[in-house]
Amino acid sequence: MASIITDTQDTERKISEEQLKEAIRTILLYIGEDPSREGLRNTPDRILRMYDEIFRGYDAKRKPRITTFTNSAHSEEMVFDCGDFYSMCEHHMLPFFGQYYLAYIPSAEGRILGISKVSRVVGYCAARLQLQERLCREIVEMLEEALKGTAQGFAIVMKGRHMCKSMRGTRNKGEMSVAYFTGCFKKKAQLRNEFYNFINTARL
């Protein structure tokens, strides 16, 4: 696995692939397994490759390019997007996943986002050890930056199911919803209601 560079610290991790694989073998021993048995012999290598994929959000070189376009129609209508997300909880390193719903109001004289860019940003920001609340904020901040602050406001709702509650502890249905609003969405209840109407009719 290549060295990972974080967005925030811009530093490289000083750990080799072999050190990581040895740590995974140690974990297998701790839980009572035999790392040398046939089914587990290649597990450390598989986990190493998996980490490179699901934690790609720490690698600034893999940050998505966010294409924007001139708002040639001078539209100030709400733009709505929704889809799935997958992330890992920073408290227990267990998955949480679900659906996101995002909207923004462009400026008539500003720029608009490319149609696939929201999902790419969601995927990149989610590919870290996360809190659902922070994930919402980081997604909006990255998109706001791409539009150079010209959007009138953003709204995001993320509905997640947390395995740290479903698989352990209370072993109950671990569902959690988080909403985050900026600009006009924060100021105008009418816009928030319109956004929630979009969510209620969205089919994923």
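On a predicted model such as this, the values are computed, not experimentally measured, just so you know. (Residues numbered from 1 in each chain as written. Predicted model: local features only at pLDDT ≥ 70, side-chain atom pairs only at ≥ 80, totals over all residues. Heavy atoms only, no water.)

A. A look at the pairing of strand β6 (residues 153–162). Among the 10 residues in β6, 8 count as buried, and that is most of the element. Taken together, the 10 bridges between strand β3 (residues 95–105) and β6 define a ladder with antiparallel strand orientation. Residue pairing for β6: phenylalanine 96 is matched across the bridge by histidine 162. The pairing of β6 with strand β7 (residues 175–181) spans 7 bridges and is antiparallel. (Buried < 20%, exposed > 50% of the residue type's maximum accessible area, 1.4 Å probe, protein only. Helix = DSSP H or I, 4+ residues; strand = E, 2+ residues; numbered from the N terminus. Pairing = 2+ DSSP bridges.)

B. Local environment of the packing of helix α1 (residues 17–30) against helix α2 (residues 43–54). Packing of α1 against α2 leaves a shortest axis separation of 9 Å and a crossing angle of 120 degrees. With respect to α2, the axis of α1 lies oblique. Along this stretch, α1 crosses α2, giving a crossing that reads as right-handed. Contact with α1, carried on its side by Glu17, Leu20, Lys21, Ile24 and Arg25, involves Pro44, Asp45, Ile47, Leu48 and Tyr51 of α2 and no other residues of that element. (Axes fitted to C-alpha atoms, helices over the stretch in contact; angles between N-to-C directions. Parallel < 35°, antiparallel > 145°, perpendicular 65-115°, else oblique. Left-handed = near helix turned anticlockwise from the far one by under 90°. Contact = heavy atoms within 4.5 Å.)

C. Looking closely at the pairing of β3. With 8 of its 11 residues buried, β3 lies for the most part within the structure. Between the end of strand β2 (residues 79–89) and the start of β3, which pair antiparallel, lie 5 residues, with methionine 93 showing a positive phi angle near 55 degrees.

D. Summary view of the packing of helix α3 (residues 117–126) against helix α4 (residues 132–146). The N-to-C vectors of α3 and α4 enclose an angle of 135 degrees; their axes lie 9 Å apart at closest approach. Here α3 lies oblique to α4, going by the angle between them. Seen from above, α3 lies across α4 with right-handed handedness. The residues of α4 that touch α3, namely those facing Val118, Val121, Val122, Tyr124, Cys125 and Ala126, are Leu135, Glu138, Ile139, Met142 and Leu143. When the residues that make up the contact of α3 with α4 are grouped by side-chain class, the tally is 10 nonpolar, no polar and 1 charged. (Nonpolar A, V, L, I, M, F, W, Y, C, P; charged D, E, K, R; others polar.)

E. Up close: the pattern of salt bridges. Applying the stated criterion across every chain yields a total of 12 salt bridges. Between lysine 21 and aspartate 45 there is a salt bridge, with the nearest N and O atoms lying 3.9 Å from each other. Taken together, the residues lysine 21 in helix α1 and aspartate 45 in helix α2 connect sequence positions 24 residues apart. Between glutamate 141 and arginine 137 there is a salt bridge; the shortest N-O distance is 3.8 Å. Taken together, the residues glutamate 141 and arginine 137, both in helix α4 and 4 residues apart, mark about one turn of the helix. (Salt bridge = Lys/Arg side-chain N within 4 Å of Asp/Glu carboxyl O.)

F. Looking closely at the environment of methionine 142. Position of methionine 142 relative to the elements: it lies in helix α4. Among the residues examined, methionine 142 registers a relative accessible area of 9% and is labelled buried. Once residues within four sequence positions are removed from consideration, methionine 142 is found in contact with Lys63, Ile66, Val121, Tyr124 and Cys125.

G. Representation of the confidence of the model for the chain. Within the chain, residue pLDDT values average 93, and 94% of them lie at 70 or more. Within the model, pLDDT remains below 50 along residues 1–10, and this stretch shows 29 contacts once partners closer than five positions in the same chain are excluded. (pLDDT = per-residue confidence, 0-100.)

H. Here's a closer look at a negative patch on the surface. A surface patch of negative charge is lined by Glu76, Glu77, Glu109 and Glu194. Tracing the sequence through the fold places glutamate 194 in helix α7 (residues 189–201). According to the relative accessible area criterion, glutamate 194 is partly exposed, its value standing at 34%. (Patch = residues over 30% accessible without salt bridge, like charges linked within 9 Å, V, L, I, M, F, W, Y side chains within 5 Å. Areas by Shrake-Rupley, 256 points an atom, 1.4 Å probe, with all protein chains shown as cover. Lys, Arg positive; Asp, Glu negative; His and termini not counted. Charge placed at Lys NZ, Arg CZ, Asp CG, Glu CD.)

I. Examining the packing of aromatic side chains more closely. As enumerated under the stated definition, the model contains 12 aromatic pairs in all. Ring plane angle 15 degrees and centroid distance 5.1 Å describe the contact between phenylalanine 80 and phenylalanine 198, whose orientation is recorded as stacked. Note that phenylalanine 80 is positioned in strand β2 and phenylalanine 198 in helix α7, a separation of 118 residues in sequence. Overall, phenylalanine 80 belongs to the partly exposed group, its relative accessible area being 22%. Residue phenylalanine 198 is classed as partly exposed on the basis of its relative accessible area, which comes to 31%. Arranged with centres 6.3 Å apart and planes meeting at 70 degrees, the rings of phenylalanine 181 and tyrosine 196 form a pair that is edge-to-face. Here tyrosine 196 lies in helix α7 and phenylalanine 181 lies in strand β7, a separation of 15 residues in the sequence. (Phe/Tyr/Trp six-rings, centres within 6.5 Å; stacked < 30°, edge-to-face > 60°.)

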